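Below are the chains, spelled out letter by letter.
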Number of protein chains: 2
Amino acid sequence: MRIGELAKLGKVTPRTIRYYESLGLIPPGEREGAGQHRYPEQTVERLQKIDQLKALGLSLDDISKVIHLYFEDPTGKRAKKKVLEMLRGHLAETDVQMALRIQFRSELVVHIQRFEGWLDSHVR
Amino acid sequence: MRIGELAKLGKVTPRTIRYYESLGLIPPGEREGAGQHRYPEQTVERLQKIDQLKALGLSLDDISKVIHLYFEDPTGKRAKKKVLEMLRGHLAETDVQMALRIQFRSELVVHIQRFEGWLDSHVR
DNA sequence: CTCAAAAATGACGTTGACGTAAACATTATG
DNA sequence: CATAATGTTTACGTCAACGTCATTTTTGAG
């Protein structure tokens, strides 16, 4: 199929497909000479898998490191192991970010109280 | 004073000063013809105030909306009122972001457990 | 074979706060 | 007055994931 149909079936835009192709997320569509690209149907599944992984919070860069495993090992076991590692990494990262946000929030509250206090005592 | 000295006293780089000038955070240094810029000493205080506001979590865009108040109204009351409004806005935004992060985190945990479960039951 | 739809290619825009480099101008110093 | 030090201007790079033109080429239908 050509890029337009692939885009519809995969629910993305042609621009996205070309972008993914440039990142190596999907194999480059074959073509005769300098004509148009032709994609096998499997590419649709690939786009769907990419979308699923994005929904897990993985970046395209993360995805590029595991997507091939899904299509080499049909059980998907190796892929899932690797994704699991990544998710655990994101969990740790999320916890760090939350801690920072909590700290930032309490600092914000302190600042706010300081401003409120100053304004109160200077309203006359 | 020239840009180099201002940079030292304000603990920023000349690049930063020019950038702030382009954003209107500090008034354009006067100059005779096409010569070098000359900045009044007050500009140092302005840089310090900008730094303080940045420490409160305000963006340069936020700062551009209040910095002038500090140098029009010497009591700084109007400035502080406006900054207080902004801080309250940031607090609300922070709470939203934290709620999102908490939700994201719990979804992450669910995903992780799902992967762990799948791997457990397929390791034989 | 013609014409319109679809595809390809290239490049700029988005967001924030500057860093860094290059080429040229001005100022200060000995 | 020669030269070093400093300043000015312009512009690209950083980071993610594409959107949005604009121009040229290929393809499928009639």
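Residues numbered from 1 in each chain as written. Chains lettered and ligands numbered in written order. Predicted model: local features only at pLDDT ≥ 70, side-chain atom pairs only at ≥ 80, totals over all residues. Heavy atoms only, no water.

Draft legend 1. Structural view of the side chain of Lys 49 of chain A. Residue placement: Lys 49 of chain A occurs in helix α3 (residues 42–55). Of the side chains bearing the opposite charge, Glu 45 of chain A lies closest to the buried Lys 49 of chain A, which forms no salt bridge; the N-O distance is 8.8 Å. (Helix = DSSP H or I, 4+ residues; strand = E, 2+ residues; numbered from the N terminus. Buried < 20%, exposed > 50% of the residue type's maximum accessible area, 1.4 Å probe, protein only. Lys, Arg positive; Asp, Glu negative; His and termini not counted. Salt bridge = Lys/Arg side-chain N within 4 Å of Asp/Glu carboxyl O.)

Draft legend 2. Quick look at the environment of Leu 87 of chain B. Of note, Leu 87 of chain B is situated in helix α6 (residues 77–122). Judged by relative accessible area, Leu 87 of chain B falls into the buried class, the value being 0%. Sequence-distant contacts of Leu 87 of chain B, defined by excluding residues within four places in its chain, comprise Leu 108, His 111, Ile 112 and Phe 115 of chain A together with Leu 56 and Leu 58 of chain B. (Contact = heavy atoms within 4.5 Å.)

Draft legend 3. A look at the interface of chain B and chain A. Facing the 33 residues of chain B at the interface are 33 residues of chain A. Surface buried jointly by chain B and chain A totals about 3,100 Å² across both partners, of which 78% is contributed by carbon and sulfur atoms. Inspection of the region where chain B meets chain A yields 4 salt bridges. Seen at the junction of chain B and chain A, the total is 4 residue pairs in polar contact (both at pLDDT 80 or more). Broken down by element, the side of chain B that touches chain A gets its largest block of residues, 27 residues, from α6 of chain B. For the side of chain B that touches chain A, the class distribution of residues is 16 nonpolar, 8 polar and 9 charged. (Buried area = accessible area lost by both parts, 1.4 Å probe. Polar contact = N/O pair within 3.5 Å; in protein donor to acceptor, adjacent residues only side chain to side chain. Nonpolar A, V, L, I, M, F, W, Y, C, P; charged D, E, K, R; others polar.)

Draft legend 4. Main features of the relation of the copies chain B and chain A. Taken as rigid bodies, chain B and chain A are interconverted by a rotation of 180 degrees and an axial shift of 0.0 Å, the fit giving an RMSD of 0.1 Å. Viewed as a symmetry operation, the transformation between the two copies matches a two-fold axis. When C-alpha positions in chain B are compared against the rotation axis, the closest is assigned to Met 98 of chain B, at 3.5 Å. (Least-squares fit on C-alpha atoms with pLDDT ≥ 70 in both.)

Draft legend 5. Up close: the protein's contact with DNA strand C. Taken together, 17 residues lie around DNA strand C, and Gly 4, Arg 18 and His 37 of chain A together with Thr 13 and Tyr 20 of chain B are the ones closest in. The sugar-phosphate backbone supplies 73% of the atoms of DNA strand C found within 4 Å of the protein. One nitrogen or oxygen atom from the side chain of Arg 18 of chain A is found 2.8 Å from a phosphate oxygen belonging to DNA strand C. One of the side-chain nitrogen or oxygen atoms of Gln 36 of chain A is found 3.3 Å away from a sugar or linking oxygen of DNA strand C. Considering each element in turn, the surface near DNA strand C owes the most residues, 4 residues, to helix α2 (residues 14–23) of chain B. Broken down by class, the residue content of the surface near DNA strand C amounts to 4 nonpolar, 7 polar and 6 charged. (Near = heavy atom within 4 Å.)

Draft legend 6. Summary view of the protein's contact with DNA strand D. Around DNA strand D lies a shell of 19 residues, among which Thr 13 of chain A together with Gly 4, Arg 18, Arg 31 and His 37 of chain B are the nearest. The sugar-phosphate backbone supplies 71% of the atoms of DNA strand D found within 4 Å of the protein. Where the surface near DNA strand D is concerned, the elements lending two or more residues are α2 (14–23) of chain A together with α1 (3–10) and α2 of chain B. The residue makeup of the surface near DNA strand D, split by class, is 4 nonpolar, 8 polar and 7 charged.

Draft legend 7. Quick peek at the layout of surface pockets. Empty space within the largest pocket amounts to approximately 200 Å³. What lines the largest pocket is Lys 49, Gln 52, Leu 53, Ala 55, Leu 56, Tyr 70 and Lys 80 of chain A together with His 111, Arg 114, Phe 115 and Trp 118 of chain B. Those elements that provide at least two residues to the lining of the largest pocket are α3 of chain A together with α6 of chain B. By residue class, the composition of the lining of the largest pocket is 6 nonpolar, 2 polar and 3 charged. (1 Å grid on protein atoms, 1.4 Å probe; cavity = no way out; pocket = protein on both sides within 12 Å on 5 of 7 lines; lining within 4 Å. Points joined across faces, edges and corners; volume = space filled by probe spheres on them.)

Draft legend 8. Representation of the packing of aromatic side chains in the model. Tallied over the entire structure, the rule returns 2 aromatic pairs over all chains. Ring centres of Tyr 19 of chain A and Tyr 20 of chain A lie 6.4 Å apart, and the angle between their planes is 40 degrees; on these two criteria the pair is classed as tilted. Judged by relative accessible area, Tyr 19 of chain A falls into the partly exposed class, the value being 39%. For the cation-ring pair, Lys 80 of chain A lies above Trp 118 of chain B, with the distance from its terminal atom to the ring centre recorded as 4.0 Å. (Phe/Tyr/Trp six-rings, centres within 6.5 Å; stacked < 30°, edge-to-face > 60°. Lys NZ or Arg CZ within 6 Å of the ring centre and 35° of its normal.)

Such coordinate-based values are descriptive only and should not be taken to indicate function.
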